[in-house]
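A structural walkthrough
One-letter residues, chain by chain:
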Amino acid sequence: MNLPQPDDYINIHTHNSIPASGIFAVETLMAHEKMQPDNLEGRTYTAGIHPWYLNKNNHQELLEFIYQTAGNENLIAIGETGFDKLRGPSMELQRSAFEEQVIIAGMHRKAVVIHCVKAWDELLASHRNLKPETSWLVHGFRGKKELASQLLSRGMYISLWFDFVMRPESAELIRFLPGERIFLETDGADVDIRDI
Ligand SMILES: [Zn+2]
């Protein structure tokens with residue numbers, strides 16, 4: 001497994017990034033794209049079923065992809081996966097796909113990268129029910145202090161997207177978050193993690 005060098009900037013969640021020295025970037029494989037890990041040439045990545053691209057017909061097939069990839073050495077987490085109330089299939093289907101992936105992550109001792117839009121109750125309920133033994137990282141967080149506190153109290157990590165980081169009104173939240181529990185990410189945006 002690749003590990004960041006002491007001086008590396010860490011970009012914890014990105015899509016189709018170009019490798020650069022001094023940056024440790026974690027690529028994201030989306031199960032529905034069926035891109036094979038071999039194409040990543042030894043880079044560190046996560047793989048998951050994004051709720052936007054999940055449906056009843058592809059559910060089993062996507063899950064099969066996760067079963068096949070989860071044990072790979074360069075895969076450090078399952079995800080992004082989770083809940084989205086604005087886009088994607090029913091909450092029942094999102095929940096079952098999510099929880100199945102959390103169980104696979106536990107079997108392989110891998111973390112989980114979370115996509116969550118307006119479904120924090122569902123996310124927290126799954127965390128309470130499953131009592132996962134590995135860490136969850138909420139990516140693209142742009143919520144309030146109270147929500148951040150709830151996530152932190154359940155041992156979760158929080159990753160911030162550049163747009164949120166740059167907003168003056170985010171400063172108070174960022175100062176409140178414990179440094180050892182936050183990450184930064186570029187996600188799908190064409191920005192440099194070093195600037196963030
Ligand atoms: Zn993403």
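Some details on the overall build of the protein chain
- When helices and strands are tallied, the protein chain shows 6 helices and 8 strands.
- Mapped in sequence order, the helices and strands of the protein chain form the string β-β-β-α-β-α-β-α-β-α-β-α-α-β.
- What you see for the protein chain is a C-alpha radius of gyration of 16 Å, in line with the 16 Å of a compact globule of 196 residues.
- Considered along the principal axes of its C-alpha atoms, the protein chain spans approximately 45 × 40 × 30 Å.
- Counting over 196 residues, the protein chain shows a buried share of 49%.
- Partitioning the contacts of the protein chain with sequence separation of at least 6, the portion at a separation of at least 24 is 62%.
- For the protein chain, the exposed area adds up to about 10100 Å²; of that, 49% sits on carbon and sulfur atoms.

Notes on the coordination of the zinc ion
- For the zinc ion, every protein donor is listed as His13 (NE2), His15 (NE2), Glu80 (OE) and Asp187 (OD), and the spread of their distances is 2.1 to 2.2 Å.
- Around the zinc ion sit 4 donor atoms; with metal-centred angles ranging over 90 to 177 degrees, the donor geometry is irregular.
- Motif for the zinc ion, donor spacing along one chain: H-x1-H-x64-E-x106-D.
- His13 gets classed as buried once you look at its relative accessible area, which sits at 1%.

Comments concerning the pairing of strand S5 (residues 111–117)
- Burial within S5 is extensive, with 5 of its 7 residues counted as buried.
- Between the parallel pair strand S4 (residues 75–84) and S5, the chain is carried across by helix H2 (residues 91–107), and the sense of this crossover is right-handed.
- Handedness of the S5-helix H3 (residues 120–130)-strand S6 (residues 136–141) crossover: right-handed.

Some words on the packing of aromatic side chains
- As enumerated under the stated definition, the model contains 6 aromatic pairs in all.
- With centroids separated by 5.1 Å and ring planes inclined at 55 degrees, the aromatic side chains of Phe83 and Phe98 adopt a geometry described as tilted. One end of the pair, Phe83, is in strand S4; the other, Phe98, is in helix H2, with 15 residues separating them in the sequence.
- A residue is classified by how much of its surface remains accessible, and Phe98, at 0% relative accessible area, is buried.
- Ring centres of Tyr157 and Phe183 lie 6.2 Å apart, and the angle between their planes is 45 degrees; on these two criteria the pair is classed as tilted. Of this pair, Tyr157 sits in strand S7 (residues 157–161) while Phe183 sits in strand S8 (residues 182–185), placing them 26 residues apart in sequence.
- Classification of Phe183 as partly exposed rests on a relative accessible area of 25%.
- Taking NZ or CZ as reference, Arg87 lies 3.8 Å from the ring centre of Trp52, over its face.
- When the ring centre of Tyr157 is taken as origin, the NZ or CZ atom of Arg181, which lies over that ring, is 5.6 Å away.

Quick notes on the environment of His127
- Positionally, His127 belongs in helix H3.
- Considering only alpha carbons, one finds His127 and Arg154, 27 residues apart in sequence, at a separation of 8.0 Å.

Conventions and cut-offs
- Residues numbered from 1 in each chain as written.
- Predicted model: local features only at pLDDT ≥ 70, side-chain atom pairs only at ≥ 80, totals over all residues.
- Heavy atoms only, no water.
- Helix = DSSP H or I, 4+ residues; strand = E, 2+ residues; numbered from the N terminus.
- Rg over C-alpha atoms; globule rule 2.2 N^0.38 Å.
- Buried < 20%, exposed > 50% of the residue type's maximum accessible area, 1.4 Å probe, protein only.
- Contact = heavy atoms within 4.5 Å.
- Areas by Shrake-Rupley, 256 points an atom, 1.4 Å probe, with all protein chains shown as cover.
- Donors = N, O, S within 2.8 Å, 3.2 Å for Na, K, Ca; no water.
- Tetrahedral: all angles 85-135°; square planar, octahedral: opposite > 155°, others 65-115°.
- Right-handed = clockwise from strand over helix to strand, strands pointing away.
- Phe/Tyr/Trp six-rings, centres within 6.5 Å; stacked < 30°, edge-to-face > 60°.
- Lys NZ or Arg CZ within 6 Å of the ring centre and 35° of its normal.

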